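Listed here are the chains, written in short residue letters.
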Amino acid sequence: YNTGNFNYSNLGKHAFFNVCKDDNNHCDIYGILKDKLINISELYSDFFNNSYNSQPHFFSLKDQSFLAFVSDRKGGFGGLDIWFSIIDSSGNFGMPINAGPKINTINNEITPFYSSVDSKLFFSSNDTVNNLGGYDLFYSIGFPNKWSPKENMILLNSSKDEMYLTLYKKDQGYFSSN
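Keep in mind it's a predicted model, so treat the numbers as computed, not measured.

Engineer: Hey, could you run me through unusual backbone geometry in this one?
Structural biologist: Note on backbone geometry: most residues besides glycine have negative phi, and most peptide bonds are trans. Unusually for a residue other than glycine, Asn-5 sits at a positive phi of about 55°. Mapped onto the elements of the fold, Asn-5 is located in strand 1 (residues 2–8). The partly exposed category is assigned to Asn-5, whose relative accessible area is 22%. Backbone geometry at Asp-63 places phi at a positive 60°, although glycine is not the residue there. Along the polypeptide, Asp-63 turns up in the loop between strand 5 (53–61) and strand 6 (64–71).

Engineer: Can you help me understand the packing of aromatic side chains in this one?
Structural biologist: For any pair of aromatic rings, geometry is given as the distance between the ring centres together with the angle between the planes. With the rule as written, the count across this model stands at 16 aromatic pairs. Consider the rings of Phe-59 and Phe-66, whose centres lie 5.2 Å apart with planes at 15°: the pair is stacked. Considered together, Phe-59 and Phe-66 belong to a single accessibility category, that of buried residues. Pairing Phe-123 with Phe-138 gives two aromatic rings, centres 6.0 Å apart and planes at 15°, and the pair type is stacked. A residue pair is termed long-range when its members are at least 10 positions apart, and Phe-123 in strand 10 (residues 120–125) and Phe-138 in strand 11 (residues 136–143) qualify at 15 residues. The burial state of Phe-123 is the same as that of Phe-138; both residues are buried. Taken together through their ring pairs, the aromatic side chains of Phe-16, Tyr-44, Phe-47, Phe-58 and Phe-93 make up a single cluster. One residue, Arg-73, lies across the ring of Trp-83, its end atom 4.9 Å from the ring centre.

Engineer: Help me understand the sheet that holds strand 3 (residues 27–33) in this model?
Structural biologist: For sheets, the rule is that strands pair by backbone hydrogen bonds, running either parallel or antiparallel. Taken in spatial order, the 4 strands make up an open sheet running 1-2-3-4, and their pairing is antiparallel. Looking at strand neighbours, the two that pair on one side only are strand 1 and strand 4 (36–39), the edges of this open sheet. Across the sheet, the mean angle from the axis of one strand to that of its neighbour is 20°, orientation sign disregarded.

Engineer: Honestly, the sheet that holds strand 5 in this entry has me stumped. Any pointers?
Structural biologist: Pairing is antiparallel across the open sheet formed by 4 strands, whose spatial order is 5-6-7-8. Looking at strand neighbours, the two that pair on one side only are strand 5 and strand 8 (97–98), the edges of this open sheet. Relative to strand 8, strand 7 (residues 81–87) runs antiparallel, the two being bridged by 2 bridges. Along strand 8, the bridge assignment pairs Phe-84 with Ile-97.

Engineer: How do you make sense of the side chain of Asn-108 when you look at a structure like this?
Structural biologist: In this structure, Asn-108 sits in the loop between strand 8 and strand 9 (109–115). From its side chain, Asn-108 meets the backbone nitrogen of Leu-80 in a polar contact 2.7 Å long. Residues contacting Asn-108, with those up to four places away along its chain left out, are Gly-79, Leu-80, Ser-124, Ser-125, Asn-126 and Tyr-135.

Engineer: So what exactly am I meant to see when it comes to the pattern of salt bridges here?
Structural biologist: It is possible for side chains of opposite charge to pair when their charged atoms get near one another. Within the structure shown, the criterion is met by 2 salt bridges. Close ionic contact of Lys-150 with Asp-127 constitutes a salt bridge, the shortest N to O distance being 3.9 Å. Of the two residues, Lys-150 is situated in the loop between strand 12 (146–147) and strand 13 (151–152) and Asp-127 in the loop between strand 10 and strand 11; the sequence distance between them amounts to 23 residues. Asp-127 shares its class with Lys-150; the two are buried.

Engineer: What is the right way to read the state of the cysteines from this model?
Structural biologist: In protein structure, a disulfide is the covalent linkage between the sulfur atoms of two cysteines. Enumeration according to the criterion identifies 1 disulfide in this entry. Bridging Cys-20 to Cys-27, the disulfide has an S-S length of 2.0 Å. When the S-S torsion is 110°, as for the bridge of Cys-20 with Cys-27, the disulfide is right-handed. Residue classification places Cys-27 among the buried residues on the basis of a relative accessible area of 0%.

Reading the values: the criteria
- Residues numbered from 1 in each chain as written.
- Predicted model: local features only at pLDDT ≥ 70, side-chain atom pairs only at ≥ 80, totals over all residues.
- Heavy atoms only, no water.
- Helix = DSSP H or I, 4+ residues; strand = E, 2+ residues; numbered from the N terminus.
- Buried < 20%, exposed > 50% of the residue type's maximum accessible area, 1.4 Å probe, protein only.
- Phe/Tyr/Trp six-rings, centres within 6.5 Å; stacked < 30°, edge-to-face > 60°.
- Lys NZ or Arg CZ within 6 Å of the ring centre and 35° of its normal.
- Pairing = 2+ DSSP bridges.
- Axes fitted to C-alpha atoms, helices over the stretch in contact; angles between N-to-C directions.
- Polar contact = N/O pair within 3.5 Å; in protein donor to acceptor, adjacent residues only side chain to side chain.
- Contact = heavy atoms within 4.5 Å.
- Salt bridge = Lys/Arg side-chain N within 4 Å of Asp/Glu carboxyl O.
- Disulfide = S-S within 2.5 Å.

Rendered as structure tokens:
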């Protein structure tokens, strides 16, 4: 198995990562909740009922916890989409909500990162509209289920793949590119 996309809450209460089979076509999201390792995709099989659930990103907004993730589940716009699941105070997950057409396209949207400092969702997309080539970094302002139209981060993108933007201060962070 391959593991990756490790993410934890700032308060240290939760940690998430994905586990994929060697072909990376089947991925599950795992979490450490209340000091216990669980396969979230298996525990909530009604919600995560497809073969690809990956790239988890935990964040809190207005005293509510969320898990953003990438999936090819039914009800999407095509390819890989960004989804959100609310996590209640007991650690239970709600039915995933698609980020919607201002984020997702018929192509792939991946590597979500939500900055609660400025209410921006950063992600990568290989959509052919407003794209410099490969995967470009984008952002949208809002919160789960209410987003502004996505904006290309042109100054950071190239004709190659840019992804995994993460901020550690309001205007400072890192991303990967080939």
